[in-house]
Amino acid sequence: MPIKQNLEAELKARDEFFSLVAHELRNPLNALHLTLAGLLRAQNATTPLAPDQLASRINRASTQVSRLAKLVDDMLDVSRISAGRFNLQIEEFDAAATLNEAVGRLNDPENPPINLMTLPTLIVECDRTRFAQMASNLIANAIAYGDHKPVTVRLEAAGANFRLEVQDHGKGIAEADQERIFERFVKLEPENSGVRFGLGLWVAREVARALHGDLRVQSQIGAGSKFILELPRKSALASLGRAG
Amino acid sequence: MTNGRHTGKILVVDDDRGAMEALSDILEYEGYQVERAQNGLQALEHLKETRPSPNLIILDLLMPVMDGWEFRLRQKEDPELAKIPVLVVTAIGATAGIDAAGVLRKPVDVDVLLRTVARYCD
């Protein structure tokens, strides 16, 4: 591709990225803004909120701040991965326990049930934080796109690897979109907004590959989607302590 | 707890739970009765099963399962549901093609939102 066209494509991708980021930030900003506005209105009224209501709303505001912080982390990941300055911290840990914690954080009476199937213990050499991040992203996606039906999460050993499968029963992803959802700069397309967008899947696949593993999807329209994360049980990166 | 100055029923359709809860709190505090749906399909099912219909639907656009555009198309196919005005509240700028009584951009100006809601409910 000629240099000029290359530059134009890069600039277009950058603009789309900023547009995506702005959109992603607006939702938690809106929730935070509304929560604070509600607090202020109630505080200025003649009947202030009861202490438990006040605490619940402050908690909600705090949740939105955490969402914003996570988005900023995702953006930093994108920047680090793109610049080739991405570090992994390899350690020995129990992937089953880490997954249990991640599922526990996403368990909520208002969410569909998460059926967790795992060995009691699965000791691996990997990046614990990154594994938890990828698992959380995949499960949160399955909850969001699973049409409120139960989500199945399975963790198992698979030869020299270990495998995490996250299955939803939502409307599924068309074959043509199954690679596209892992792209970094997915445009927002109103006419096709069933397609996942955001940074999470791109980051997750890049991290999986940096760990010498992979992330892929199997899906059929009407039958839901299964995301499969496969990583080495014993990391070749372990002796380095970190990898770029 | 309510400030209780307003009447009317509003259906809020948004997959962002934080925004939905915060918006519902504000509307309920003002005295409105609020019903909730997390996507267009849930909203349609709720509207078909529930009487009386809400005075207003506050609709997000980008939602899983059924987005706001498809919801509007399906809503307009039903003569009864088509009568309910829709206020779009969205994070995206490209709202072309959406047919609604009003469009507000997230983060929402609460005073503007409440003035708009009052126009359809009181």
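See the structure printed just above.
Quick notes on the rules
Residues numbered from 1 in each chain as written. Chains lettered and ligands numbered in written order. Predicted model: local features only at pLDDT ≥ 70, side-chain atom pairs only at ≥ 80, totals over all residues. Heavy atoms only, no water. Phe/Tyr/Trp six-rings, centres within 6.5 Å; stacked < 30°, edge-to-face > 60°. Helix = DSSP H or I, 4+ residues; strand = E, 2+ residues; numbered from the N terminus. Buried < 20%, exposed > 50% of the residue type's maximum accessible area, 1.4 Å probe, protein only. Lys NZ or Arg CZ within 6 Å of the ring centre and 35° of its normal. Pairing = 2+ DSSP bridges. Axes fitted to C-alpha atoms, helices over the stretch in contact; angles between N-to-C directions. Contact = heavy atoms within 4.5 Å.

**Student:** Looking at this structure, how should I read the packing of aromatic side chains?
**Tutor:** Pairs of aromatic rings are described using the distance from one ring centre to the other and the angle between the two planes. All names here are of chain A. Counted according to the given criterion, the structure contains 3 aromatic pairs over all chains. Ring centres of F131 and F162 lie 5.5 Å apart, and the angle between their planes is 65°; this geometry places the pair in the edge-to-face category. Note that F131 is positioned in helix α4 (residues 128-145) and F162 in strand β6 (residues 161-167), a separation of 31 residues in sequence. For the pair shown, F131 and F162 are each scored as buried. Judged by centre distance (6.2 Å) and plane angle (70°), the ring pair of F182 and F227 falls under edge-to-face. Here the residue F182 occupies a position in the loop between β6 and α5 (200-210), and F227 occupies one in strand β8 (residues 224-232), the gap between them amounting to 45 residues. With respect to burial, F182 and F227 carry one shared label: buried. Stacked on the ring of F182, the Lys or Arg R205 has its end atom at 3.9 Å from the ring centre.

**Student:** Can you help me understand the sheet that holds strand β3 (residues 56-59) of chain B in this one?
**Tutor:** The strands that make up a sheet are held in pairs by hydrogen bonds between backbone atoms, and each pair lies either parallel or antiparallel. Residue and element names in this part refer to chain B. The 5 strands are arranged β2-β1-β3-β4-β5 in an open sheet whose pairing can be described as parallel. Two strands lie at the open edges of the sheet, namely β2 (33-37) and β5 (102-105), each paired on one side alone. Strand-to-strand, the axes of this sheet are offset by a mean angle of 20°, without reference to chain direction. As judged from the 3 bridges shared by β3 and strand β4 (residues 86-90), these two strands associate in the parallel manner. Residue pairing for β4: L59 is matched across the bridge by V88. Lying over the sheet, helix α3 (residues 68-77) contacts β3 and β4, oriented at roughly 155° with respect to β3. Sitting on the sheet, helix α5 (residues 110-121) is in contact with β1 (9-13), β3, β4 and β5, with an inclination near 150° to β3.

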